[in-house]
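# Secondary and tertiary structure notes
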Amino acid sequence: AESEPVTARGMDIFGDLHSFQAVKDTTTGEHYLFDGTRADGVHTFEAGRMPEFSFILLSALLGFTGFEVKSSSNFFYDPAAVSAHTNAGKVYDYYQEKFNRDSLDNEGMKLISTVHIGDKWNNAAWNGKQMLYGDGDGQRMISLSGSLDVIGHEMTHGVITNTADLVYEGESGAINESIADIMGAFIENKPGEDMWLLGEDVWTPNTPGDGLRSMSDPASVYLGGYTESGYYPDHYDDRYIGELDNGGVHINSSINNKAAHLITAGGTHYGVTVTGIGKDKAEKIFYRALTLYLTASSDFSHMREAAVQSARDLYPDKTGEPSAEVQAVMAAYDAVGVE
Ligand SMILES: O=C(NO)[C@]12CC[C@H](CC1)C2
Ligand SMILES: [Zn+2]
């Protein structure tokens, strides 16, 4: 069947109206969420009514992506799908504009998202090939595709898979998670919102101002019995060393998140003062570290080395002294106890 590109419209999960690219099947008149203007396309599907484990299994084993989100007109009535589709386009544009990266593999790979995974699933994931979004249970979370920092996080997992491919467990897994959080924060960076809170748009709709994780003050968020304190760690000495969560990948990520916060915004942490260098320089340092220096087995110490070397490459020492950017990176990792 022939399909032609059309400009479509629809509301996202917050009720905001968007205009975006879709296609119309000229035979049936059906419209689909396929944006052919970016890379090999941004294609958004819905999972239908199946438990998340069976969807995740089918997608991992058979590359099943779900079902087309259809509309008989160029207006789409699935807010979670509209959010996923428009936010994926924004993340594509960020990597293209900031780093001249053409999609997750830098070779224009198609960006596939599937929404309505599972039943009230309070989660989202990158399964090695595509992005997956739950609807949340309405209390703890709402449709995760509504949060640009979460979508930036998931798609950055895709960039990581195609670059350092950090092993998703232990310290390398925590660096994987942290870089996904860091880039997600930089991609969202919404005026009037706290850039350093993750998932704040979709987290506890009845409690304003909180988030899934905090990068500026990780230890302000309680995560339960994993760590000694029960709070996210903000120093290497407080890292989680158990088996849960693939060895704490979503827990120890907070240590590197705090380093990124200090590099960007500055601050004094456990008596160590860092002069921030701002988002534009910090994102270049982390992107360069990810794409040039980090490898699958990189641990926290190698993350420090990679960030220092990237800062040296980008902001070379002039007077024989390390530049302000290199000093900020060194001080930040000193502050969180990473040698
Ligand atoms: O790590 C993740 N995805 O790869 C998370 C866990 C909590 C947020 C939603 C999904 C981020
Ligand atoms: Zn993640």
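Above this note sits the structure.
Residues numbered from 1 in each chain as written. Chains lettered and ligands numbered in written order. Predicted model: local features only at pLDDT ≥ 70, side-chain atom pairs only at ≥ 80, totals over all residues. Heavy atoms only, no water.

### A short note on the layout of surface pockets
The gaps left among the atoms become clear once a water-sized probe is rolled over them. The condition that has to hold: Here a cavity means grid points, on a 1 Å grid over the protein atoms only, where a 1.4 Å probe fits yet cannot get out; a pocket means an open set of points with protein on both sides within 12 Å along at least five of seven lines; lining residues are those with an atom within 4 Å of a point. Grid points are joined across faces, edges and corners, and a volume is the space filled by probe spheres set on the points. Numbering of helices and strands runs from the N terminus, with a helix taken as a DSSP run of H or I at least four residues long and a strand as a DSSP run of E at least two residues long. Side-chain classes follow a simple rule in which Ala, Val, Leu, Ile, Met, Phe, Trp, Tyr, Cys and Pro form the nonpolar group, Asp, Glu, Lys and Arg form the charged group, and the remainder, Gly included, forms the polar group.
In this structure, the largest pocket spans a volume of roughly 710 Å³. In terms of lining, the largest pocket is formed by 28 residues, of which the most central are N122, N123, L212, R213 and H250. Of all the secondary structure elements, the ones that give two or more residues to the lining of the largest pocket are strand 10 (124-126), helix 3 (148-161) and helix 5 (244-248). Split into classes, the residues belonging to the lining of the largest pocket amount to 17 nonpolar, six polar and five charged. Of the volumes computed, that of the second largest pocket is approximately 160 Å³. Along its surface, the second largest pocket is lined by 13 residues, and T227, E228, S229, P233 and D238 are the ones closest to its centre. Broken down by class, the residue content of the lining of the second largest pocket amounts to six nonpolar, two polar and five charged.

### A few points about the coordination of the zinc ion (ligand 2)
For clarity, the threshold we go by: Here the term donor refers to an N, O or S atom within 2.8 Å of the metal (or 3.2 Å for Na, K and Ca), and because water is left out of the atoms, sites may appear incomplete. For the exposure calls, accessible area comes from a 1.4 Å probe over protein chains only, and a residue counts as buried if that area is under 20% of its type's maximum, exposed if over 50%, partly exposed in between.
Within the protein, H153 (NE2), H157 (NE2) and E177 (OE) serve as the donor atoms for the zinc ion (ligand 2), at 2.0 to 2.1 Å. When the donors of the zinc ion (ligand 2) are listed by position in the chain, the intervening gaps give H-x3-H-x19-E. Of this pair, H153 sits in helix 3 while E177 sits in helix 4 (residues 170-188), and the two are 24 residues apart along the sequence. Look at H153 and you get buried, because its relative accessible area is 5%. A residue is classified by how much of its surface remains accessible, and E177, at 0% relative accessible area, is buried.

### Digging into the packing of aromatic side chains
Convention followed: A pair of Phe, Tyr and Trp rings is counted when the ring centres sit within 6.5 Å of each other, with Trp represented by its six-membered ring. The angle between the planes then sorts it: under 30 degrees is stacked, over 60 is edge-to-face, the rest tilted. Definition used: whenever NZ (Lys) or CZ (Arg) falls within 6 Å of the ring centre and also within 35 degrees of the ring normal, the charge is taken to sit over that ring.
A full pass over the atoms with the stated rule returns 13 aromatic pairs. Ring geometry for Y222 against Y231: centres 5.1 Å apart, planes inclined by 70°, an arrangement best described as edge-to-face. Where Y226 meets Y240, the ring centres are 5.8 Å apart and the plane angle is 80°; that geometry is what we call edge-to-face. Of this pair, Y226 sits in the loop between strand 13 (213-214) and helix 5 while Y240 is found in the loop between strand 13 and helix 5, placing the two residues 14 residues apart along the sequence. Linked through ring pairs, Y94, Y95, F99 and Y287 together constitute an aromatic cluster. Against the face of Y236 rests R239, its NZ or CZ located 3.9 Å from the ring centre.

As far as function goes, none of this settles anything; it's purely spatial.
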